[in-house]
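# Tertiary structure, described
Take a look at the letters that make up each chain.
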Amino acid sequence: MTPSNQFAPDYSVSINGMQIPTTLNASITSITYDSGLDAADRVEVTIANTGLEWLQNHINGLGFVPLPTPPLVPPGALNPPSGLFDMNNTVTVSLGYADQELTQVFDGEITGIEVTNQAGEMPTLTIVALDRLNRLTQGSYGRGFGPLPDALIAAILSAENLLIPAIDPTLAAASTAIAVLNIVFNGSGRKQKAQTDLELLKEIAAFYDADFWVEGSTLYLSRFFKEYSPSVTLAWGESLLAFSPRVSTAGQYFGIGVKFTLREIPLTFVVAVSWNFNTQSLAINVVPCGTEAYLKSLIGPIDSLISLPISSPPDIVNSAMMITRKLRNALNNRLTATGSTVGDPAIVANAVVAFNGVGPDFSGNYRITHATHTIDGNGYRTNFKCRKEIIP
């Protein structure tokens, strides 16, 4: 990127597949794009509305009938096209720099309009759009899915919300095996308990320690299909404007311990899964209940969970999944950071970014957990949150 282009931000906004009118494009004062894990991406496009010309036409989908009113602007003035800001119109946004190909960062639907009129300030109209993951938040339901595996349930949720499912084959195979065990030994499967489809999808993803996101009209649910190599490299003193890592040993633990009870014996024991920071490997320890102090001296502090009875193979599988999930989340959120950089559309949630020049402890690869892109009168900048993953 040449210096001249680096400081000439550019953008493109389309509604219903068509570039917005030139007059509207020239009235845009700012664009904000938010990208986060396990949540709908969001875009806000703020438009200067000096003469209230962008409020001339009724906006369909607001839920009320417009009042008959005289024109807001005199005849012959700017006449924006009707239906441009209607709810559920599709919106795509691309960001980048002049004289370079822009990167499409958002594909979603208009979900809201915000109007600001205050004396002494320029009136504005803000278009709010969310990606199609937002469809899963509409309504809550109670139902059972019988013997269906979780991968198929996720596919059903996708189809019901007019999305194309893309399920990680590894997750699909695991969910099928677990569904068989649950039906054979427990006689039941997963239920939706007065939850939105998004809440149920989060429950399924959490069980398999997986991520989910939407690209266009495709819903992805995956544990392993994601970036592992950095797509962007940022260096302190160059494009990296701010970087604030934080790590604390206060309240930390190195393992997850679960008390299990075998009803048939009966016997209670503790299974601890921990991470060895010296060898960079997992360790598993099994000791009788009452010897937790020995575990602490062996592996360090552990997070001990409530006692779990084991009466069937599904109990073993569910417990193993829970232990793995909790340990991974604890370790991967041990070192986090916030920062900002010259705007880069490649920095989005779930991307891997390499940071250089911030010392041996804090340099390296981090996964982006949240990114906010802003183009306004101050240029193009990207703020982000990230974490250094021990177990990807």
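Calculation notes
- Residues numbered from 1 in each chain as written.
- Predicted model: local features only at pLDDT ≥ 70, side-chain atom pairs only at ≥ 80, totals over all residues.
- Heavy atoms only, no water.
- Helix = DSSP H or I, 4+ residues; strand = E, 2+ residues; numbered from the N terminus.
- Buried < 20%, exposed > 50% of the residue type's maximum accessible area, 1.4 Å probe, protein only.
- Contact = heavy atoms within 4.5 Å.
- Areas by Shrake-Rupley, 256 points an atom, 1.4 Å probe, with all protein chains shown as cover.
- Patch = residues over 30% accessible without salt bridge, like charges linked within 9 Å, V, L, I, M, F, W, Y side chains within 5 Å.
- Salt bridge = Lys/Arg side-chain N within 4 Å of Asp/Glu carboxyl O.
- Phe/Tyr/Trp six-rings, centres within 6.5 Å; stacked < 30°, edge-to-face > 60°.
- Lys NZ or Arg CZ within 6 Å of the ring centre and 35° of its normal.
- Axes fitted to C-alpha atoms, helices over the stretch in contact; angles between N-to-C directions.
- Parallel < 35°, antiparallel > 145°, perpendicular 65-115°, else oblique.
- Left-handed = near helix turned anticlockwise from the far one by under 90°.
- pLDDT = per-residue confidence, 0-100.
- Pairing = 2+ DSSP bridges.

## Let's talk about the overall build of the protein
The helix and strand tally for the protein stands at seven helices and 22 strands. Taken across its 392 residues, the protein has 43% of its residues classed as buried. Contacts spanning at least 24 positions in sequence make up 65% of the contacts within the protein whose residues lie at least 6 apart. As displayed, the protein offers around 19200 Å² of accessible surface, 57% of which is attributable to carbon and sulfur atoms.

## Focus on a nonpolar patch on the surface
On the surface, a cluster of nonpolar side chains totalling about 290 Å² of accessible area is made up of Val180, Val184 and Phe185. The residue valine 184 is located in helix H4 (residues 169-186) in this model.

## Considering unusual backbone geometry
At aspartate 99, a position not held by glycine, the phi torsion is positive, near 65°. The topology assignment puts aspartate 99 in the loop between strand E5 (90-97) and strand E6 (103-116). A relative accessible area of 73% means that aspartate 99 is categorised as exposed. One non-glycine residue with positive phi stands out, namely alanine 194, at about 50°. In this structure, alanine 194 sits in strand E10 (residues 191-195). Alanine 194 gets classed as exposed once you look at its relative accessible area, which sits at 59%.

## Side note on the packing of aromatic side chains
In total, this model carries nine aromatic pairs according to the counting rule given. On the numbers, 5.6 Å between centres and 40° between planes, the contact of tyrosine 97 with tyrosine 380 is tilted. Linking tyrosine 97 in strand E5 with tyrosine 380 in strand E22 (residues 379-387), this pair joins segments that are 283 residues apart in sequence. Tyrosine 380 matches tyrosine 97 in its accessibility class, with the two residues each being buried. Measuring from ring centre to ring centre gives 5.3 Å for phenylalanine 355 and tyrosine 366, while their planes differ by 85°; the resulting arrangement is edge-to-face. Highlighted residues: phenylalanine 355 in strand E20 (residues 352-356) and tyrosine 366 in strand E21 (residues 364-376), separated in sequence by 11 residues. On the basis of relative accessible area, phenylalanine 355 is assigned to the buried category, the value being 0%. Following the ring pairs from residue to residue traces out a cluster consisting of Phe243, Phe355, Tyr366 and Phe384. Positioned above the aromatic ring of tyrosine 141, the side-chain terminus of arginine 143 is 5.9 Å from the ring centre. Here arginine 367 stacks its cationic end above the ring of tyrosine 228, 6.0 Å away from the centre of that ring.

## Re the packing of helix H3 (residues 150-160) against helix H5 (residues 197-207)
For the pair H3 and H5, the least separation of the axes is 11 Å and the interaxial angle reads 155°. Overall, the two elements H3 and H5 adopt an arrangement that is roughly antiparallel. When the axes of H3 and H5 are compared, the crossing they make is left-handed. Here Asp150, Ile153, Ala154, Leu157 and Glu160 of H3 lie close against H5, whose contacting residues are Asp197, Leu200, Leu201, Ile204 and Phe207.

## As for the confidence of the model for the protein
Per-residue confidence for the protein gives a mean pLDDT of 84, with 77% of residues at or over 70. No element of the protein has a lower mean pLDDT than helix H1 (residues 3-6), at 48, and none a higher one than strand E4 (residues 42-48), at 97. Across residues 1-5, where pLDDT falls below 50, the model places seven contacts with residues more than four positions away in sequence or in other chains.

## Thoughts on the pairing of strand E19 (residues 335-342)
Within a regular strand, side chains alternate between the sheet's two faces. Among the eight residues that make up E19, six are buried, leaving the element largely enclosed by the rest of the structure. As judged from the seven bridges shared by strand E14 (residues 240-247) and E19, these two strands associate in the antiparallel manner. Note on E19: the bridge partner recorded for arginine 246 is threonine 336. Both E19 and E22 contribute to a ladder of seven bridges, which runs antiparallel. In the strand pairing of E22, threonine 338 is matched with lysine 385.

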